Amino acid sequence: MAELLVLERVSAGYGEACVLAEVSFGLEEGRSLAVLGRNGTGKTTLVETIMGLTTLHGGRIVLRGREIGRLRSDRRAAEGIGWVPQERSIFASLTVEENLTAVARPGPWTVERVYAAFPRLRERRRTPGTRLSGGEQQMLAIGRALVLNPKLLLLDEPLEGLAPIVVEELLAVLARLIREEGVSTILVEQHARKILPLTDQALILERGTVVHSGASAELLRDERTLEAFLGATGRRAAGRGASEVHAR
Ligand SMILES: Nc1ncnc2c1ncn2[C@@H]1O[C@H](COP(=O)(O)OP(=O)(O)OP(=O)(O)O)[C@@H](O)[C@H]1O
């Protein structure tokens, strides 16, 4: 299958400060990649670097054969990179439907198809962003990225701060998007065990470098690597949010 995205020895950070050091990986069309690592290891910086929101110190970022590492972030979005940031950033004053129609671009992902993937959004179509739950906001943020018809979807910690039951609902939707709809996706997460079953490949970052890279299914069985680089987050039990883990 053709390479969709290739990073070659990418070093990047904020201004002079270098956070990522020589990160390399490739992602094929229709495949998914989990980006794992403890707090502050550079996961968000990696997706922001792909999106063009950091300072590139070295290396190449290639999307479908085209070098995009020096393009502005709006150009990268136009080239087909859809980004759902950690803070979700939906239009709070608009309804669910207005949020979707305001940005939709022609392509296979229509508002109707988003409703089919997220039945909850169809139920809430006339509800303003301000009155949505955290899980609904996350679904809307993903739906909004999909109606832009991206070639590649970047999701930054989509499970963060959600109640356990909502986490399970969202995981089921993400599994459908990735496995059945074949949306090429890079998924940043701390909950390794939750997203490894959804993804094809995984890499683990530590202090801005790739310390593990391989098949997600293998990493899921590799207790030693999960323990060494992810510790409690790799072992975190199903359905538990961070606060519940700390409270035990
Ligand atoms: N805007 C910024 N300016 C300067 N340094 C930053 C900025 N954002 C992040 N950093 C630094 O970059 C490093 C990596 O942060 P990053 O947010 O990429 O980690 P992360 O793995 O996504 O962590 P988390 O899981 O907590 O979101 C940290 O040392 C952080 O302090």
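Residues numbered from 1 in each chain as written. Predicted model: local features only at pLDDT ≥ 70, side-chain atom pairs only at ≥ 80, totals over all residues.

A few points about the environment of Ser 133
Following the sequence through the fold, Ser 133 ends up in the loop between helix H5 (119-123) and helix H6 (134-146). When the C-alpha atoms of Ser 133 and Ala 77 are compared, they prove to be 27 Å apart, with 56 residues separating the residues in sequence. (Helix = DSSP H or I, 4+ residues; strand = E, 2+ residues; numbered from the N terminus.)

Re the site of the ligand
As a structural note, the neighbourhood of the ligand is formed by Tyr 14, Ala 17, Val 19, Gly 37, Asn 39, Gly 40, Thr 41, Gly 42, Lys 43, Thr 44, Thr 45 and Gln 190. Those elements giving two or more residues to the shell around the ligand turn out to be strand S2 (17-28) and helix H1 (43-51). Looking at side-chain class alone, the shell around the ligand contains three nonpolar, eight polar and one charged residues. (Near = placed C-beta within 6 Å. Nonpolar A, V, L, I, M, F, W, Y, C, P; charged D, E, K, R; others polar.)

Considerations on the sheet that holds S2
Two strands in a sheet stick together by hydrogen bonds in their backbones, pointing the same way (parallel) or opposite ways (antiparallel). Here four strands make up an open sheet; going across it, the order is S2-S1-S4-S5 and the pairing antiparallel. At either end of the open sheet lies a strand with only one pairing partner, and these are S2 and strand S5 (66-67). Pairing between strand S1 (residues 3-14) and S2: eight bridges, direction antiparallel. Considered in S2, the bridge of Val 10 is made with Val 23. Each of S1, S2 and strand S4 (55-63) is contacted by H1, which is oriented at about 70 degrees to S2, the strand it contacts most. (Pairing = 2+ DSSP bridges. Contact = placed C-beta atoms within 7 Å. Axes fitted to C-alpha atoms, helices over the stretch in contact; angles between N-to-C directions.)

Regarding helix H3 (residues 96-103)
Every buried residue of H3 is listed here: Val 96, Asn 99 and Leu 100. One side of H3 holds all its buried residues, which, seen down the axis, span an arc of 90 degrees. On its buried face, H3 sits against helix H4 (111-117), H5 and H6. (Buried ≥ 20, exposed ≤ 12 C-beta atoms within 10 Å, placed from the backbone. Arc of directions from axis to C-beta.)

Some remarks on the nonpolar core
Residues Ala 34, Val 35, Val 114, Leu 154, Ile 186 and Ala 202 are the most contacted members of the largest nonpolar core, which totals 66 residues. Ignoring sequence-local partners within four residues, the contact set of Ile 186 consists of Leu 27, Leu 33, Val 35, Val 47, Leu 152 and Leu 154. (Core = buried A, V, L, I, M, F, W, Y, C linked by C-beta atoms within 7 Å.)

In short, shape yes, function no, at least from these values alone.
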